[in-house]
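Coordinate analysis (summary)
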Amino acid sequence: MKGIVVDSIKKTYISKEGFRKKRVVEALKGVSLTVGSGEIHALLGPNGAGKSTLVKILATLLLPDSGRAYVDGYDVVREAEKVRRVIGIVLDVSKGFYTSLSGYENLVFYALLKGYSYQEARRRAKEVLELVGLYEMNAHNRPYYTYSLGMRARLSIAKALLTNPPVLLLDEPTLGLDVESAKAVRKLITDLAKEGRTVLITGHNMHEIEQIASSITIIDSGRVIVSGNPSELKAKLGLMLKVSTRIEGLHTPQILEKIKSFIPIEKASIEPLDSSTKIVFYTKASREEVVQSIMQMHSTLDLKILDLVVEEPTLEDAYIAVVGEGHGH
Amino acid sequence: MVINILRALTYREIVWFKRFASDYIVSWILPLAFSLGVVFLPATISDINTVVGRMSSMFDYQMDLKTAYMLALSVTGIVNIVAITVNDVIQTIFSEFRFMEVGWMILETTSLTRYGIANAIVRPAIMTPLTTLYLAPILAYLDGLNGLTTFAILEVAFEVTAIALGFYATAIALVLTFYTRISRPWTISNVLAPAILAGAGVYIPVSLVPAVLRLFAYTTPVPESCEIVYLIALRGVPGELIWFMAIASFAMTLYVAVSGLLSKSADIRVRKG
Ligand SMILES: Nc1ncnc2c1ncn2[C@@H]1O[C@H](COP(=O)(O)OP(=O)(O)OP(=O)(O)O)[C@@H](O)[C@H]1O
Ligand SMILES: [Mg+2]
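As the structure is a prediction and not an experimental result, all values here were calculated from the model. Residue numbers here run from 1 along each chain, matching the order of that chain's written sequence. Whichever chain is written first becomes A and whichever ligand is written first becomes 1, with later ones labelled in order. Totals for whole chains, interfaces and linings use all residues, but because this is a predicted model, local features are given only for residues with pLDDT of at least 70 and pairs of side-chain atoms are given and counted only at 80 or more. Only hydrogens and water are set aside when side-chain values are computed; all heavy atoms of the structure are taken into account.

This part takes up the overall build of chain A. Along its length, chain A carries 11 helices and 14 strands. Taken over the C-alpha atoms alone, chain A extends approximately 80 × 45 × 45 Å along its principal axes. The proportion of buried residues among the 329 residues of chain A is 52%. Residue contacts are defined here by distance: any two heavy atoms, one from each residue, within 4.5 Å place the two residues in contact. Partitioning the contacts of chain A with sequence separation of at least 6, the portion at a separation of at least 24 is 68%. Per-residue and other accessible areas were derived by the Shrake-Rupley procedure at a 1.4 Å probe size, with only the shown protein chains allowed to occlude residues. Total accessible area on chain A is roughly 14,800 Å²; 50% of this is exposed by carbon and sulfur atoms. Only DSSP runs of H or I with at least four residues qualify as helices, and only runs of E with at least two residues qualify as strands; both kinds are numbered from the N terminus onward. For every residue, the accessible area (1.4 Å probe, protein chains only) is compared with the maximum for its type, and the residue is labelled buried under 20%, exposed over 50%, or partly exposed between those bounds.

A word on the sheet that holds strand β6 (residues 87-90) of chain A. Residue and element names in this part refer to chain A. Taken in spatial order, the six strands make up an open sheet running β6-β7-β8-β3-β9-β10, and their pairing is mixed. Each edge of the sheet is formed by a strand with only one pairing partner; in this case those strands are β6 and β10 (223-228). When strand polarity is set aside, the average angle formed by the axes of neighbouring strands in this sheet is 15°. Axis lines are fitted through C-alpha atoms, for helices just across the contact stretch, and the angle between N-to-C directions can take any value from 0 to 180 degrees. Contacting β6 and β7 (167-170), helix α5 (residues 149-162) crosses the sheet at an angle of about 170° to β6. Helix-sheet contacts for helix α6 (residues 179-194) involve β3 (40-44), β7 and β8 (198-203), and the interaxial angle to β3 is about 135°. At least two DSSP bridges between two strands are needed for those strands to be called paired.

Before going further, it helps to spend a moment on the site of ligand 1. All names here are of chain A. Definition of nearness: a residue and a molecule or strand are near each other if at least one heavy atom of the residue lies within 4 Å of the molecule or strand. Around ligand 1, 14 residues are found, and the nearest of them are G48, G50, K51, S52 and T53. At 2.9 Å, a backbone N or O of G50 approaches an oxygen atom of ligand 1. Within the side chain of K51, one N or O atom sits 2.7 Å away from an oxygen atom of ligand 1. Expressed as a share of its isolated accessible area of 630 Å², the protein-covered part of ligand 1 is 67%. Going through the elements one at a time, β2 (22-35) and α1 (51-58) are the ones with two or more residues in the shell around ligand 1. Considering only residue class, the shell around ligand 1 consists of five nonpolar, six polar and three charged. Here a polar contact is recorded for every N or O atom pair within 3.5 Å, except that within protein the pair must consist of a potential hydrogen donor and a potential acceptor, and residues adjacent in sequence are included only if both atoms are side-chain atoms. Amino acids outside the nonpolar list (Ala, Val, Leu, Ile, Met, Phe, Trp, Tyr, Cys, Pro) and the charged list (Asp, Glu, Lys, Arg) are all regarded as polar, and Gly is one of them.

Using a grid of 1 Å spacing that covers the protein atoms alone, one calls a set of points a cavity when a 1.4 Å probe fits there but cannot get out, and a pocket when the set is open and has protein on both sides within 12 Å along at least five of seven lines; lining residues are those with an atom within 4 Å of a point. Grid points are joined across faces, edges and corners, and a volume is the space filled by probe spheres set on the points. Quantified by volume, the largest pocket comes out at close to 1,300 Å³. Taken together, 33 residues form the lining of the largest pocket, with I14(A), S15(A), R269(B), V270(B) and G273(B) sitting closest to its centre. Of all the secondary structure elements, the ones that give two or more residues to the lining of the largest pocket are β1 (4-16), β2 and α1 of chain A together with α4 (65-98), α5 (103-109), α7 (135-179) and α11 (241-272) of chain B. For the lining of the largest pocket, the element with the highest residue contribution is β1(A), accounting for six residues. Counted as a void, the second largest pocket has a volume near 420 Å³. Around the second largest pocket, the lining is made up of 20 residues, and of these F20(B), D23(B), D88(B), R123(B) and M127(B) lie nearest the centre. At the level of secondary structure, the elements contributing two or more residues to the lining of the second largest pocket comprise α1 (2-19), α2 (21-45), α4 and α6 (112-132) of chain B. Considered class by class, the residues forming the lining of the second largest pocket number nine nonpolar, seven polar and four charged.

All names here are of chain A. Here a pair means two rings of Phe, Tyr or Trp (six-membered ring of Trp) with centres within 6.5 Å. Their orientation is stacked below 30 degrees between planes, edge-to-face above 60, and tilted elsewhere. The full count for this structure, using the stated rule, is 10 aromatic pairs over all chains. Summarising the aromatic geometry, the rings of F97 and Y144 are spaced 5.2 Å apart at their centres and angled 55° between planes, so their arrangement reads as tilted. Note that F97 is positioned in the loop between β6 and α3 (103-113) and Y144 in the loop between α4 (118-131) and α5, a separation of 47 residues in sequence. With respect to class, F97 is no different from Y144; both count as buried. Feature note: the residues F97, Y144 and Y147 constitute an aromatic cluster, connected by ring pairs.

Attention shifts here to the interface of chain A and chain B. Across the boundary between the two partners, chain A contributes 36 residues, which contact 30 residues of chain B. Once two parts are joined, some of their accessible surface, as seen by a 1.4 Å probe, is lost; buried area is that loss totalled over both. Across the chain A/chain B interface, buried area totals approximately 3,100 Å², and carbon plus sulfur atoms make up 60% of it. Salt bridge, as applied in this entry: a Lys or Arg side-chain nitrogen positioned within 4 Å of an Asp or Glu carboxyl oxygen. For the pair chain A and chain B, the interface holds four salt bridges. Measuring nitrogen to oxygen at the nearest pair gives 3.6 Å for the salt bridge that ties E101(B) to K95(A). Residue assignment for the side of chain A that touches chain B shows that the elements contributing at least two residues are β1, α2 (80-86) and α3 of chain A. A total of eight residues in the side of chain A that touches chain B trace back to one element, the largest contributor, which is α3(A).

This next bit is on a nonpolar patch on the surface. Residues and elements named next belong to chain B. Note that patches include only residues with greater than 30% relative accessible area and no salt bridge, and the join distances are 9 Å for like charges and 5 Å for nonpolar side chains (Val, Leu, Ile, Met, Phe, Trp, Tyr). There is a patch of nonpolar side chains on the surface, built from L36, F40 and L65 and spanning about 230 Å² of accessible area. Relative to the assigned elements, F40 resides in helix α2. Judged by relative accessible area, F40 falls into the partly exposed class, the value being 34%.

This next bit is on the pattern of salt bridges. Residues and elements named next belong to chain A. Taken as a whole and judged by the stated rule, the model has 24 salt bridges over all chains. A salt bridge links R84 to E81, with the nearest nitrogen and oxygen atoms 3.9 Å apart. Taken together, the residues span about one helical turn, with R84 and E81 both in helix α2 at a distance of three residues. With relative accessibility at 35%, the residue E81 sits in the partly exposed group.

For the structure on display, the rule yields two cavities of 30 Å³ or more. Quantified by volume, the largest cavity comes out at close to 140 Å³. Together, 13 residues line the largest cavity, and L91(A), D92(A), K95(A), G96(A) and K159(A) are the ones closest to its centre. Contributions of two or more residues to the lining of the largest cavity are made by β6 and α5 of chain A together with α5 of chain B. The dominant element in the lining of the largest cavity, judged by the number of residues it contributes, is α5(B), at three residues. Taken together, the residues that form the lining of the largest cavity break down as six nonpolar, two polar and five charged. By volume, the second largest cavity is sized at about 40 Å³. If you go around the second largest cavity, the residues you meet are I157(A), L161(A), L168(A), L170(A), P173(A), V185(A), L188(A), I189(A) and L192(A). When contributions to the lining of the second largest cavity are tallied by element, the ones reaching two or more residues are α5, β7 and α6 of chain A. For the lining of the second largest cavity, the element with the highest residue contribution is α6(A), accounting for four residues.

All names here are of chain A. Expected helix span is given by 1.5 Å per residue-to-residue step, counting one fewer step than there are residues. In a regular helix each residue adds 1.5 Å, so 16 residues correspond to 22 Å; α6 covers 23 Å between its end C-alpha atoms and thus fits that length. Every buried residue belonging to α6 is among S181, A182, V185, R186, L188, I189, L192 and A193, and all of these are buried. Looking straight down α6, one finds its buried side chains confined to an arc of 160°; they lie on one side. Residues V179, E180, K187 and K194 are exposed on α6 and point more than 90 degrees away from its buried face. Where α6 is buried, its residues meet β3, α4, α5, β7, β8 and α7 (206-210). Throughout, the arc means the angular range of directions from the helix axis out to the C-beta atoms.

Residues and elements named next belong to chain A. With antiparallel pairing, four strands are arranged side by side in an open sheet as β12-β13-β11-β14. Of all the strands in the sheet, just β12 (266-272) and β14 (305-311) have a single pairing partner and so form its edges. Each neighbouring strand pair of the sheet contributes to a mean axis angle of 10°, computed without reference to strand direction. Bridge analysis of strand β11 (residues 241-248) against strand β13 (residues 276-283) gives eight bridges, and the strand direction is antiparallel. Bridge pairing links E248 to S276 in β13. In the packing of helix α9 (residues 253-260) onto the sheet, contacts are made with β11, β12 and β13, and the angle to β13 comes to roughly 30°. Strands in contact with helix α10 (residues 287-301) are β11, β13 and β14; relative to β14, the strand with the most contacts, it is inclined by about 165°.

Read these as geometric descriptors, not functional statements.
Laid out in structure tokens, this is it:
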């Protein structure tokens, strides 16, 4: 089948620390997901979740310990050569090129490696450099080490597109891009998907992803937390309302305890302000239940409520609710 | 496909040459000064005839000043290719995988084995004529058409030596990059080249070199290369060239096998993370 299928992929890194000591990191603990052909699938998760590891496995750069993965129907382990012919990849956008060669020369080198004739290599390199705007910036002939992070990201994207691949694996492709450029790249990605290309894109910025992804998988600590299209995801997690309230006086643990005795609470955060306390929590309870419980808490604890907002969740909130406040942007 | 890699590497090498042309010019000028020094510096202590006489007895060949200089000059070619091949091959592979992470681009298109083999051939093959080019006009000036013929024959010996060293250095580079945790490979490659050269009998016949250094140098074909270069400089086309080729090919086969095996296991090792 076309697209991408990941089935119970596990990957453990064992790195040596010192002479005897070993550090074992279970980067992927059995990840499964499916990306339909022509779909843009976003892989989201906090730092260290295992996103890059999965991208590298799909790109045949890393061998999984167990499980299977297919790209456009080819097994990433047994048919690695075939997989390589159908993918374009962006890895760490800050490196991956010869520092002393220019962007153009790096791309010609890559195209030659991929089997293009010299003529074709030069033509394609120029085309993709124009596409990502490096030509316009007059950066194509400068050595790579003089590139800004944004220019490097553009070059990475140009490399991924060079062979016109039907499947794109993009690990944080918009890292370091300014707002306008990131927008242009998102537009480019949607256009590519419209042409029928399959895209797997990673990131942590839900807001950015929400605009282009047709399906989303959130992973954390090597496990899939939730997966689905944006509306499914909202439905799955959307039962959670975001409740923000401000209460006079300083916080007492009792407040949350009290609310908890009425409704289930998830991921609560408490922020002491000057003369009041701000409380934010997520709950699967209905709006009415939320309001009722706040009223109850109000009457039993005799507090003054200064502010109360009950919000329908956005995808971003859903992400934060799932992954934890500390990780979000 | 190996041919794709060969083409890509040739392209990269030419671009690098254009960009680093000034480095090459330095690599032409330094050995010139060096070889002049070998002949003429001792002459400032004794006189030039004594120096030439001593070189004659050392090499067991009655030579004049011109031949003595051609000899010293030809040896600088060996100095250049050993230093540049060993250093460049080791440091480039190391930084490709450990610093620049160009390694992913290589692993994305081919295997480490194919890349390693192509790289071991292309880099030395292209760098050798470039780093020894300065010999051509000087040998021509010293000995006319004969000088140019000498240059051409020297180039053959240099190329064979350099490609063998390319594989030798690839094997070392693979070990350093994938099987050790060192982060400054130049500390090793900088010591390696002078050690090989010292042990190979550059400037003094190899029979006069201490055994320990010789032992080390004999892991490479460089001692043989030196001998053949002396013979070429003294006698034009020596019959021993055939033997040298045989020895160098044998060494090369060995290095290809070793670096091939190492690169296979290194390829698996990197892809295992
Ligand atoms: N080569 C490696 N050796 C050892 N551990 C590694 C290696 N690469 C990644 N890890 C570990 O594996 C886990 C997953 O890393 P990974 O790079 O896949 O995360 P990520 O989701 O891409 O994070 P980020 O958002 O920061 O890019 C992390 O704990 C990381 O420290
Ligand atoms: Mg990552």
